[in-house]
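Residue-level listing of the chains:
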Amino acid sequence: MSLLLSPVVELYRYSLQPVAPFTWFGLSLSTLDVVAAVRLCVALRQIREKLWRDHVQKTKTVNSEKGIVALPEIEQRSFVRDAVSVLLVVYGGEAVTCPALAIPPSFMLSGVVPAFYTAIQAAVEWLPAVPTPAFNNEVPLSLVDGMSRAYLLCNLIPPMVTSHASPAISSNPWTLLLTSLFAANAGFFFTNLFSFFQPYALTLTTPTEFLPYGWTTTDLWCAPLITGLYALLTHAQPFWADAHDVALGWLGRPDAEAKVAAVDDETARAVCAVVLAGLFATRAVRNFAPKTAAAKLKVQ
């Protein structure tokens, strides 16, 4: 298993090294930070452009079939609105979970990363066009998404709980899973709630997560799943060490008396990245795979 995961481990080691020109100014931004920020800003632009096309098409269809119908007017895009939507996606989860945990959110301690995401958003908006999501580009990008999301769910979110000063919080597995769920998804929840990505004015609407079968969205449930898997493998809390031991006992572990050793952090993160990449690749295939034309039956 370690041989299969070693390329992912080494890729993490390389991509997490601080890179120039940020190191010139004493900033510890890495290749993974840059790639993840560009990927997010491009994906959000793709979402905005798709919603704009859908709204224009809906306006044409409704007006042609039902006469004049009141639909929200398209509003001129504002850089401030788009930049705020990016920051809301990135920090919305922190804004919800940090007060509940009585810890300061990272954007209150340093403005480097917010300024970095704002600059990346400006650069992406400056591009004349971005690729339309398709099978040929979304499937390869599932590896990037898996690695960046695993870093978030394994390295950035769990310490909010496991390093907490209160033992009642730091050792609580429910707090860990709930924090992962909210921290990873609250940003998109708020942007959908206030229609930040829509081409018209900000409007309260039902978030995607509250629509029928919205809970089946991969991004929603993979957060606690992956954080739980990482905690299980690394024994991040006493509960997970016991759960790991019990789970292997059910699988017929030879030496039932010996305690199960924890997996090292890098290997556990690589496992989570591979699982996430598989989930995202499956979603890309399901959403963008070419549809085979149904064979026509010849009627005699």
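Quick word on the confidence of the model for the chain
When pLDDT is averaged along the chain, the result is 90; 91% of the residues meet or exceed 70. Residue range residues 293-300 is modelled with pLDDT below 50. Its contacts to residues more than four positions away, or to other chains, number 0 contacts.

With respect to helix H10 (residues 218-234)
If you check H10, its first and last C-alpha atoms are 24 Å apart, about what 17 residues at 1.5 Å a residue would give, namely 24 Å. Taken across its 17 residues, H10 has 12 buried, putting it largely inside the fold. Along H10, the positions that sit buried rather than exposed are Thr-218, Asp-219, Leu-220, Cys-222, Ala-223, Ile-226, Thr-227, Gly-228, Tyr-230, Ala-231, Leu-233 and Thr-234. Its buried side turned inward, H10 meets helix H6 (135-156), helix H7 (158-162), helix H9 (173-193), helix H11 (238-250) and helix H12 (265-288). The first or second residue beyond H10 is His-235, which carries a positive phi of 55°.

Digging into the nonpolar core
Ranked by internal contacts, the top residues of the largest apolar core, which has 23 residues, are Tyr-12, Ala-150, Leu-153, Ile-226, Cys-272, Ala-273 and Leu-276. Elements that contribute at least two residues to this core include exactly helix H1 (2-15), H6, H9, H10 and H12. Tallying contributions element by element places H12 first for this core, with 6 residues. If sequence neighbours within four positions are ignored, Cys-272 has contacts with Ala-150, Cys-154, Ile-226, Leu-229 and Tyr-230.

Considerations on the pattern of salt bridges
Pairs can form between side chains of opposite charge once their charged atoms are near each other. Using the criterion set out here, one finds 12 salt bridges in the structure. In this structure, the salt-bridge partner of Arg-39 is Glu-138, at a minimum N-O distance of 3.1 Å. With Arg-39 in helix H2 (residues 31-66) and Glu-138 in helix H6, this residue pair connects regions lying 99 residues apart in the sequence. Glu-138 matches Arg-39 in its accessibility class, with the two residues each being buried. Among the ionic contacts, a cluster of salt bridges with common partners joins Arg-48, Arg-77, Asp-82 and Glu-125.

So, the environment of Leu-127
Here Leu-127 is to be found in the loop between helix H5 (112-126) and H6. Here the alpha-carbon distance between Leu-127 and Val-42, two residues 85 residues apart in the chain, equals 9.9 Å.

Re the state of the cysteines
Tallied over the entire structure, the rule returns 0 disulfides. Its sulfur unpaired, Cys-41 is 19 Å from the next cysteine sulfur, which belongs to Cys-222. Judged by its relative accessible area of 0%, Cys-41 falls in the buried class. No disulfide involves Cys-222; its sulfur sits 11 Å from that of Cys-272, the nearest cysteine. Among the residues examined, Cys-222 registers a relative accessible area of 0% and is labelled buried.

Side note on the packing of aromatic side chains
For the coordinates displayed, the defined rule picks out 7 aromatic pairs. Taking the centre distance of 5.6 Å and the plane angle of 85° together, the rings of Phe-22 and Phe-116 count as edge-to-face. With Phe-22 in the loop between H1 and H2 and Phe-116 in helix H5, the pair connects residues that are 94 residues apart, well separated along the chain. No difference in accessibility class separates Phe-22 from Phe-116, as the two residues are buried. Summarising the aromatic geometry, the rings of Tyr-91 and Phe-107 are spaced 5.2 Å apart at their centres and angled 70° between planes, so their arrangement reads as edge-to-face. Here Phe-107 lies in helix H4 (residues 106-109) and Tyr-91 lies in helix H3 (residues 79-101), a separation of 16 residues in the sequence. Residue Tyr-91 is classed as buried on the basis of its relative accessible area, which comes to 9%. Taken together, the aromatic side chains of Phe-22, Phe-116 and Tyr-117 make up a single cluster linked through ring pairs.

How each quantity is defined
- Residues numbered from 1 in each chain as written.
- Predicted model: local features only at pLDDT ≥ 70, side-chain atom pairs only at ≥ 80, totals over all residues.
- Heavy atoms only, no water.
- pLDDT = per-residue confidence, 0-100.
- Contact = heavy atoms within 4.5 Å.
- Helix = DSSP H or I, 4+ residues; strand = E, 2+ residues; numbered from the N terminus.
- Expected span 1.5 Å × (residues − 1).
- Buried < 20%, exposed > 50% of the residue type's maximum accessible area, 1.4 Å probe, protein only.
- Core = buried A, V, L, I, M, F, W, Y, C linked by side-chain atoms within 4.5 Å.
- Salt bridge = Lys/Arg side-chain N within 4 Å of Asp/Glu carboxyl O.
- Disulfide = S-S within 2.5 Å.
- Phe/Tyr/Trp six-rings, centres within 6.5 Å; stacked < 30°, edge-to-face > 60°.

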